[in-house]
Amino acid sequence: MIEVLSVTSEVYPLIKTGGLADVAGALPGALSGSGVTMRTLVPGYPAVMARLSGGREVASFADLFGVRGRLVAGRVDGLDLIVLDAPALYDRPGNPYVGPEGWDWPDNWKRFAALSWVASELGLGLVEGYRPQVIHAHDWQAGLVPAYVKYGPSSTLKTVMTVHNMAFQGTFGAEIFGQLRLPEHAFSVEGVEYYGGVGYLKAGVECADVVTTVSPSYAGEIRTPAFGMGLEGLLNNRSATVFGVLNGIDMDAWNPATDTALAQTYSASTIQNRLANKRAVQEAFGLDPADGPLFAVVSRLTWQKGIDLLAANIDLMVAEGAQLAVLGSGDAELENAVRSATMRHPGRVGLVTGYNEKLSHLVQGGADVMMVPSRFEPCGLTQLYALRYGCVPLVSRVGGLNDTVIDANVAALQAEVATGVQFAPPSETALADAIRRTLALYADEKSWKKMQRRGMKSDVSWATSAARYAQLYASLIGLSTDDSADD
Ligand SMILES: Nc1ncnc2c1ncn2[C@@H]1O[C@H](COP(=O)(O)OP(=O)(O)O[C@H]2O[C@H](CO)[C@@H](O)[C@H](O)[C@H]2O)[C@@H](O)[C@H]1O
């Protein structure tokens, strides 16, 4: 067995603000049977501590970056957790990164340095009877893990850094460096220094043994200035150790045949049963119970996700006889743009703000089209859920959207392989064309149903990618996957 410690700032179903939680929550289970045991280190936010009854203390710290802390191990919903309980850092309202007023916590550098430092201590054998061979760090919040390992006592410990989104890098002023518990020479180009300050994601990308990102297309894109966001040079330098491993989805949590969030469950052979869900979605979003095409968005409302491109096309969609249901929250300006469309088009356009996991399932089960018009998308999970639920994805041709949806062009339709609609570049006019193309496809009921069914049958599971991660861990510690499965 290969022991891997996954380090993450969120993990479903305990704490989730986006796709990272889904991936961190699903990967440990997906790896079972592949010779890998994965435990997860996560901060003890209130939502996490509330689920951890019966956990046992396995370590304590009198001085964790100036505060007290302890590690509590426990099993919750099938996950083997090690929780960093440090109330001065994590026992706060709001989400993991921002307070109730919407501002980043000013000590985020310390909150996530502490998490990463503790991970590296675990890797050095802090807890008797537990010694991971590989630490898998997710995003900038765990970006310092590879640096602590690189500059710590020499060991055989290996590190994997996964970039879920290059747009969030965790950059801080140089003044924090003195408090990071790193040696002087770590403040260098080969270490944590980044444009004169400290870069957590940069440190991870620089110091990890292997860097992965969440789709093959994004792995290529981030080596260019348009997507690399300053890290493209570094990624090019280490291109031999940068891999794209496509995300999968939790096939049990997202199963239209058993999903309790649906008004009516269904499968590929009972796809007509989606109608009851469509009516439920229309009701939840204040829409008329109409029979035309129902488009939907489940997303953070941000520039990355192309919500401004969507807003610019709402009048067109309504004029063409479509309805739109938007579930999400984010930038006030984009939220307002969608809200004003709901006022212009009562009964045709609906908005539910806030985060609602249950409603997101219902939308996937009832809408006809799931729109993901992102400007960049490392992988994207929404279109994968959509495929599984027979909700046809309409996506921009970037990152993981490019890798997971087969565009309904003439050749793909003839070959009967199309699963959705792609457009490029991510612009208002290209999206308008894609909407018109989608409406034409929807009008051909028989071929639309076929496309829905093909989506439902496409492989969006973790099977291939979990095996790929297992192989990466094994190669890092000099084993083949077969050896590890034998243990
Ligand atoms: N208002 C709301 N209510 C309920 N659920 C909502 C919601 N808004 C969003 N969600 C859910 O949040 C998740 C979003 O995941 P994505 O992967 O699509 O994007 P995200 O940008 O968060 O993730 C980043 O990390 C992931 C994981 O690697 C990459 O796939 C992605 O490209 C990258 O940007 C989905 O599970 C979606 O259903």
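What you are looking at is a predicted structure, and each value in this text was computed from that prediction instead of being measured. (Residues numbered from 1 in each chain as written. Predicted model: local features only at pLDDT ≥ 70, side-chain atom pairs only at ≥ 80, totals over all residues. Heavy atoms only, no water.)

Draft legend 1. Structural view of the overall build of the protein chain. Summing up its helical and strand segments, the protein chain has 20 helices and 18 strands in all. For a compact globule of 487 residues, the expected C-alpha radius of gyration is about 23 Å, and the protein chain comes in at 23 Å, within 12% of that figure. If one aligns the C-alpha atoms of the protein chain with their principal axes, the spans along those axes are about 65 × 50 × 45 Å. In the protein chain, which comprises 487 residues, the share counted as buried stands at 58%. The long-range share in the protein chain, meaning contacts at least 24 apart out of those at least 6 apart in sequence, stands at 70%. As presented, the protein chain carries roughly 18700 Å² of accessible surface, and 51% of it is formed by carbon and sulfur atoms. Taking the average location of the 38 positive side-chain charges in the protein chain and that of its 50 negative ones, the two points are 4 Å from each other. (Helix = DSSP H or I, 4+ residues; strand = E, 2+ residues; numbered from the N terminus. Rg over C-alpha atoms; globule rule 2.2 N^0.38 Å. Buried < 20%, exposed > 50% of the residue type's maximum accessible area, 1.4 Å probe, protein only. Contact = heavy atoms within 4.5 Å. Areas by Shrake-Rupley, 256 points an atom, 1.4 Å probe, with all protein chains shown as cover. Lys, Arg positive; Asp, Glu negative; His and termini not counted. Charge placed at Lys NZ, Arg CZ, Asp CG, Glu CD.)

Draft legend 2. Seen up close, the UniProt feature "binding site: ADP-alpha-D-glucose" (unreviewed entry) in the protein chain. Here, the residues flagged by UniProt with the feature "binding site: ADP-alpha-D-glucose" (unreviewed entry) are K16. Its location among the elements puts K16 in the loop between strand 1 (2-7) and helix 1 (19-30). (UniProt positions renumbered as here; feature names shortened; annotations may be inferred.)

Draft legend 3. How the structure looks around the pairing of strand 17 (residues 392-396). With five of its five residues buried, strand 17 lies for the most part within the structure. In this structure, strand 16 (residues 369-372) lies alongside strand 17, joined through four bridges in parallel fashion. If you follow V372 over to strand 17, its bridge partner there is V395. Viewed along the sheet, the connection from strand 16 through helix 14 (residues 382-388) into strand 17 turns out right-handed. (Pairing = 2+ DSSP bridges. Right-handed = clockwise from strand over helix to strand, strands pointing away.)

Draft legend 4. Fine view of the packing of aromatic side chains. With the rule as written, the count across this model stands at 15 aromatic pairs. Relative to W117, the ring of F61 has its centre 5.9 Å away and its plane inclined at 65°; by these criteria the two rings are edge-to-face. One end of the pair, F61, is in strand 3 (residues 56-64); the other, W117, is in helix 4 (residues 108-123), with 56 residues separating them in the sequence. The exposure class of F61 is buried, given its relative accessible area of 8%. Residue W117 is classed as buried on the basis of its relative accessible area, which comes to 14%. Considering the side-chain rings of Y194 and Y195, the 4.8 Å spacing of their centres and the 50° angle between planes classify their relative orientation as tilted. The class of Y195 is exposed, set by a relative accessible area of 68%. (Phe/Tyr/Trp six-rings, centres within 6.5 Å; stacked < 30°, edge-to-face > 60°.)

Draft legend 5. Inspection of the packing of helix 11 (residues 307-319) against helix 12 (residues 332-344) at higher detail. For the pair helix 11 and helix 12, the least separation of the axes is 9 Å and the interaxial angle reads 15°. Relative to helix 12, the element helix 11 lies roughly parallel. For the pair helix 11 and helix 12, the sense of crossing is left-handed. Contact with helix 11, carried on its side by I307, D308, A311, I314 and D315, involves L334, A337, V338, A341 and R344 of helix 12 and no other residues of that element. Its residues assigned to classes, the contact of helix 11 with helix 12 shows seven nonpolar, no polar and three charged. (Axes fitted to C-alpha atoms, helices over the stretch in contact; angles between N-to-C directions. Parallel < 35°, antiparallel > 145°, perpendicular 65-115°, else oblique. Left-handed = near helix turned anticlockwise from the far one by under 90°. Nonpolar A, V, L, I, M, F, W, Y, C, P; charged D, E, K, R; others polar.)

Draft legend 6. Looking closely at the site of the ligand. Around the ligand, the structure places 29 residues, and the nearest of them are D22, H164, R300, E377 and G380. At 3.5 Å from an oxygen atom of the ligand is found a side-chain nitrogen or oxygen belonging to N165. Contacts to the ligand include N356, whose backbone N or O atom sits 3.0 Å from a nitrogen atom. Among the secondary structure elements, those contributing two or more residues to the shell around the ligand are helix 1, strand 13 (294-301), strand 14 (323-330), helix 13 (357-366) and helix 14. It is helix 1 that provides the largest number of residues to the shell around the ligand, a total of four residues. Partitioning the shell around the ligand into residue classes produces 10 nonpolar, 13 polar and six charged. (Near = heavy atom within 4 Å. Polar contact = N/O pair within 3.5 Å; in protein donor to acceptor, adjacent residues only side chain to side chain.)

Draft legend 7. Region of interest: the pattern of salt bridges. Per the counting criterion, the structure on display carries 18 salt bridges. Taking the shortest distance from any N to any O, the salt bridge between K16 and D22 comes out at 2.9 Å. The pair K16 / D22 is uniform in exposure class, with both members buried. Taking the shortest distance from any N to any O, the salt bridge between R75 and D80 comes out at 3.3 Å. When its relative accessible area of 27% is taken as the criterion, D80 is described as partly exposed. Each member of the salt-bridge network shares a partner with another, and the members are K16, D22 and E357. (Salt bridge = Lys/Arg side-chain N within 4 Å of Asp/Glu carboxyl O.)

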